[in-house]
Structures are given as C-alpha cells and as structure tokens.
Amino acid sequence: MSSRDIGRRLREAYRIVMKVVLISLIGFSIEFIFVLLSSSFILYADVVHWAIDGVLEFTVALSLYLASRVYRRFSWSILYIENLVVLLIASTVFIYYMYSFVSYINGVIISQDSATVTTTNPLLAIVSLIGVVLTWLSFQLLYRGYRRLGMELIKAEYIHALVDIIAALTTTVGIVATALTRSIAVELLTIIFILFFVFH
C-alpha cells in the first residue's frame, strides 16, 4: 500500500469519526438540556457518559487528522501528549461525576425515611431513546467505514458504539422503571449500571 493510499484512508477515517463526534455532541446537548430541566440523576449519568465518549472520539479524530496530514513525518510522540490531555479531561469529568454520585448516595443514606427519586417523569425515556437512535447512527457510520477501509481503529469504535446502544437502552428502561415505581433501589441500580458503561 502506497503512502498516498494510506493518507487517503486516514483522511476518510477522520471524516467518519468527525461525523460521530458531531452526533455525540448532539446527543450530549439534548440530554444536558433535559438534565437541567428535570434533575434526573439517571439522565445525568448518561450525560457524563456522552461527555467522556465525545472527548475520546474527538481524540481519535484528532489523531487520524494529524496522521493523515503528515503521515511520513508524523511525530508519534505527539500522541502521548494528546492521550495525556484526554486522560486529564476524562478524569476531571469522571471525578466530578463521582463527587455528584457520592453526594446523591449520601442524600439517600442520610434521609432514608424521606428519600425520593430524582427521576419521576417517564417521558424522559423519549430523550434517552433519541440517544439510542443517535448511537445507532454512529454505529452504522463506523461499521460501514470499517467495511470500506478495514481499519482496526474504526472497528474498535463501532464495537464501542454497539456497547453504547446497550447503555442507552439501559438508561431508557431505568428511567421508565424508576418513574413508575418511585423506587430508590431501581434508580440506584440503573445509575450503577450506567457507571459500568462509563468505565468501558
């Protein structure tokens, strides 16, 4: 394979991943607005998941862009710096999320008798279903890109998107179950399950 062909494939992969970044930004924005309006901690956990995934996707796109622009003279050491910055950003978002999660748990423990769920409107499931559709679109873009380009980086991204579809469906089911049962246990279990997807 010639370096011209490699550069072309890297540019095409960059365009695909940038579309996925845009989809993630749309999903994050929609859910963020509804988190502010509803104060649902389940939706909040999913917003954090969107944020971390968006940052990581942007990093992949940036790496592909840099590699495609200067393929022959690309300094791979820049990726170490880039990955360090991404790690710091993702860690900051995650630490803030964990702080909020611990505060939520403390609120439940301290006010056991009068504890109420934060997710009371089952219509918020529509918001998370929009997330399912957006993630499915990302999966389709990445899967087609992998079939066309055969790049393992794109394959890893489409598998990640497939797992994220499960996370979004979990969020949807958790919202409905919590809103209908008003059970702290159901809300907490859903949040912990979403937390698992933040770690993936």
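Residues numbered from 1 in each chain as written. Predicted model: local features only at pLDDT ≥ 70, side-chain atom pairs only at ≥ 80, totals over all residues. Heavy atoms only, no water.

Caption draft 1: Layout of unusual backbone geometry. Positive phi outside glycine occurs at serine 39, with the angle close to 65°. A positive phi angle is found at arginine 182, which is not glycine, with a value near 55°.

Caption draft 2: Local environment of the pattern of salt bridges. Enumeration over the complete set of coordinates arrives at two salt bridges. Of the charged contacts, one joins arginine 8 and glutamate 12 as a salt bridge, the two residues approaching to 3.3 Å between their closest N and O atoms. On the criterion of helical spacing, the pair formed by arginine 8 and glutamate 12 is a turn pair, its members being four residues apart in helix α1 (residues 3-38). On the accessibility criterion, arginine 8 (39% relative accessible area) is partly exposed. Residue arginine 148 pairs with glutamate 12 through a salt bridge whose shortest N-O separation is 2.4 Å. With arginine 148 in helix α4 (residues 124-149) and glutamate 12 in helix α1, this pair connects stretches of sequence that are 136 residues apart. Salt bridges here are not isolated pairs; linked through shared partners, they connect Arg8, Glu12 and Arg148. (Salt bridge = Lys/Arg side-chain N within 4 Å of Asp/Glu carboxyl O. Helix = DSSP H or I, 4+ residues; strand = E, 2+ residues; numbered from the N terminus. Buried < 20%, exposed > 50% of the residue type's maximum accessible area, 1.4 Å probe, protein only.)

Caption draft 3: Here's a closer look at the nonpolar core. Core analysis: the largest hydrophobic core is formed by 24 residues, its most contacted members being Phe41, Tyr97 and Ile191. Of all the elements in the fold, those that place two or more residues in this core are α2 (41-69), α3 (77-110), α4 and α6 (184-199). Top element by residues in this core is α2. It accounts for eight residues. For phenylalanine 41, the contacting residues outside a window of four places in its chain are Tyr97, Ser100, Phe101, Tyr104, Thr118, Thr119, Glu187 and Ile191. Membership of the second largest hydrophobic core comes to 21 residues, among which are Leu10, Ala13, Val17 and Phe139. (Core = buried A, V, L, I, M, F, W, Y, C linked by side-chain atoms within 4.5 Å. Contact = heavy atoms within 4.5 Å.)

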